[in-house]
Amino acid sequence: QQVCPALRPRQSAQRHMDEIELARLASAQPAQPRLDYDPAPCACAPCSAYRACVSPMFLVVWGIVAVNYLPYVVWYPLRTASWSCCIVVFHALVGLLLASYLMTVFTDPGTVPPEWHRAVAADRRLAADHRYCTKSGLYRPLRSHYCSVTRRVVLNLDHFCPWVVNAVGFYNRKFFVLFLLYTLLSCSWVLLTLLPSLLDVGALLAGDAPSPLPSPLHSTAAVRHRAVAGRSPHPISGFGWGPNRYMVVAMALMVDATLVLMLLCFFSFHAHMVLRNETTIEVGHFRDTSATLPRHSRGTSETLPRHIHDASQGPSPRFDVGWRRNAESVLGRDARLWLLPVWGGGPAGDGRKGREADGGGGGSSNVSSGCGGSSKGRGSSKGGGSSSGGGRSS
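In this text the structure is predicted, and so the values were computed from the model without any measurement.

How each quantity is defined
- Residues numbered from 1 in each chain as written.
- Predicted model: local features only at pLDDT ≥ 70, side-chain atom pairs only at ≥ 80, totals over all residues.
- Heavy atoms only, no water.
- Axes fitted to C-alpha atoms, helices over the stretch in contact; angles between N-to-C directions.
- Helix = DSSP H or I, 4+ residues; strand = E, 2+ residues; numbered from the N terminus.
- Parallel < 35°, antiparallel > 145°, perpendicular 65-115°, else oblique.
- Contact = heavy atoms within 4.5 Å.
- Nonpolar A, V, L, I, M, F, W, Y, C, P; charged D, E, K, R; others polar.
- Phe/Tyr/Trp six-rings, centres within 6.5 Å; stacked < 30°, edge-to-face > 60°.
- Expected span 1.5 Å × (residues − 1).
- Bend = angle between axes of the 7 residues up to and from the residue.
- Buried < 20%, exposed > 50% of the residue type's maximum accessible area, 1.4 Å probe, protein only.
- Core = buried A, V, L, I, M, F, W, Y, C linked by side-chain atoms within 4.5 Å.
- Salt bridge = Lys/Arg side-chain N within 4 Å of Asp/Glu carboxyl O.

Trainee: Which parts of the structure should I look at to understand the packing of helix α9 (residues 243–276) against helix α10 (residues 323–331)?
Mentor: Two packed helices can be described by the angle between their axes and the distance between those axes. Two elements in contact, α9 and α10, have axes whose closest approach is 6 Å; the angle formed by their N-to-C orientations is 110°. Regarding the angle of α9 to α10, the classification is roughly perpendicular. From α9, Val274, Leu275 and Arg276 reach across to α10, where they touch Trp323, Asn326, Ala327 and Val330.

Trainee: Would you mind showing me how to read the packing of helix α3 (residues 56–74) against helix α4 (residues 81–106) here?
Mentor: Two elements in contact, α3 and α4, have axes separated by 11 Å at closest approach and are oriented at 175°. With respect to α4, the axis of α3 lies roughly antiparallel. Packed against α3, whose contacting residues are Met57, Phe58, Val61, Trp62, Val65, Asn68, Tyr69, Tyr72 and Val73, the element α4 presents Trp83, Cys86, Ile87, Phe90, His91, Val94, Leu97, Leu98, Tyr101, Leu102 and Val105 at the interface. Residues belonging to the contact of α3 with α4 are distributed by class as follows: 18 nonpolar, 2 polar and no charged.

Trainee: Explain the packing of aromatic side chains here, please?
Mentor: What describes a pair of aromatic rings is the distance from one ring centre to the other and the angle between the planes of the rings. Going through the model one piece at a time under the given rule, you end up with 11 aromatic pairs. Taken together, Phe58, Trp62, Tyr101, Phe106 and Phe179 form an aromatic cluster joined through their ring pairs.

Trainee: Is there a simple way to explain α9 in this structure?
Mentor: Think of an α-helix as turning once every 3.6 residues; residues three or four places apart then point the same way. End to end, α9 covers 49 Å across 34 residues, agreeing with the expected 50 Å (1.5 Å per residue, within 8%). In α9, a bend of some 30° at leucine 263 exceeds every other bend along the element. Every buried residue belonging to α9 is among Val249, Ala250, Ala252, Leu253, Asp256, Val260, Leu263, Phe266, Phe267, His270, Met273 and Val274, and all of these are buried. In the stretch just after α9, asparagine 277 is the one whose phi turns positive, near 60°.

Trainee: Help me understand the nonpolar core, please; the structure alone is not making it clear to me.
Mentor: For soluble globular proteins, nonpolar side chains are generally found buried alongside one another. Core analysis: the biggest nonpolar cluster contains 44 residues, and Tyr72, Trp83, Val164, Phe176, Leu180, Leu194 and Leu253 have the highest contact counts within it. If one sorts the elements of this core by residue count, helix α7 (residues 173–206) sits on top with 13 residues.

Trainee: What exactly am I supposed to notice about the environment of leucine 331 here?
Mentor: If you trace the backbone, leucine 331 turns up in helix α10. Exposure remark for leucine 331: the relative accessible area of 15% places this residue in the buried category. Counting along the chain gives 158 residues from leucine 331 to arginine 173, while the straight-line C-alpha distance between them is 8.1 Å. For leucine 331, the contacting residues outside a window of four places in its chain are Lys174 and Trp338.

Trainee: It is not clear to me how the pattern of salt bridges should be interpreted in this structure. Could you clarify?
Mentor: Side chains that carry opposite charge are capable of pairing whenever their charged atoms lie near each other. As enumerated under the stated definition, the model contains 6 salt bridges in all. Of the charged contacts, one joins aspartate 158 and arginine 173 as a salt bridge, the two residues approaching to 3.8 Å between their closest N and O atoms. Of this pair, aspartate 158 sits in the loop between β4 (152–154) and β5 (159–161) while arginine 173 is found in helix α7, placing the two residues 15 residues apart along the sequence. In this structure, arginine 324 engages glutamate 328 in a salt bridge whose closest nitrogen and oxygen atoms are separated by 3.6 Å. Remark: glutamate 328 and arginine 324 occur in helix α10; sequence separation between them is 4 residues, near one turn of the helix. Using a relative accessible area of 11% as the deciding quantity, one classes glutamate 328 as buried.

These values are about where atoms sit, not about what they do.
Now the structure itself:
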């Protein structure tokens, strides 16, 4: 069929416009799906069968607090001004300890948001740049791992701690570090203030000379207190610590001394990791070489450039952004709230991107390094280890 001569120029122009549009679409970069979402609000950690099984550890912690509280506040008969100040400090430290502990237990450490997983799964290139977890059926963001105890992917997983009956991850790591700090300070305070009295009572019960250490039992106010109460000025008279109570107090101080020795190392270890932007799983696994993503059920195996680091091998210098910004990633942006067990807006970031040292505050969201390993709460971390039963990476 012949086309009308009057329509030929119009068809030619339309064909030319179509070719230009096709060329533009072919050269245009495909739109990247959105991977930056607002940080999750403070939420309660979900329950699981294993958390219910290890829940007696919750009672053990409260039992240790009670064993220290009885001799320090209830059984100690002196109410001098100096000892009253000691009791006020003791209550402040124990209150911060219990608040940090409860926040660690009940705060959700964070997991993969469904919208983030759908955005990655919808893009072939992003799917190839992220690890796919066959156990959870989710793509894992940078530095996240599967916890076999809670049976979920945890953002920035450090380890699973049976003492807090929860996984320590992005949103509750601050409270775990504060729990270690205030446990160390509380036990140290009890040892420093109660140990001299314990030594004096033990020496007097045994008929020996009193301890040369300064003790509230021998203060002028203590002698006056016993005189007003109609008791003998002798320090042991009417003190109320018989052999049974004395043994309870001695065992409590032995537990405190053991905890102090352990926590001096354990808290220093975790504080060092916070300032270096590391986790227990990552310690000792750094490898600054070209990383190869393993073949998984979705996406293809690709060799990443040298500057892109495989997070399964541990922390990379690209994530060490200075001690302050590293601390903000765990403790939050407001330094006034760093030592308080409050949410305060949560840690800096969203737990799905690394804060890079090359100038980016949020890291690359579409070329995030693969996250290796899964955490198994019944082991200890291969790299750093954890005395509280940290997760094991595989």
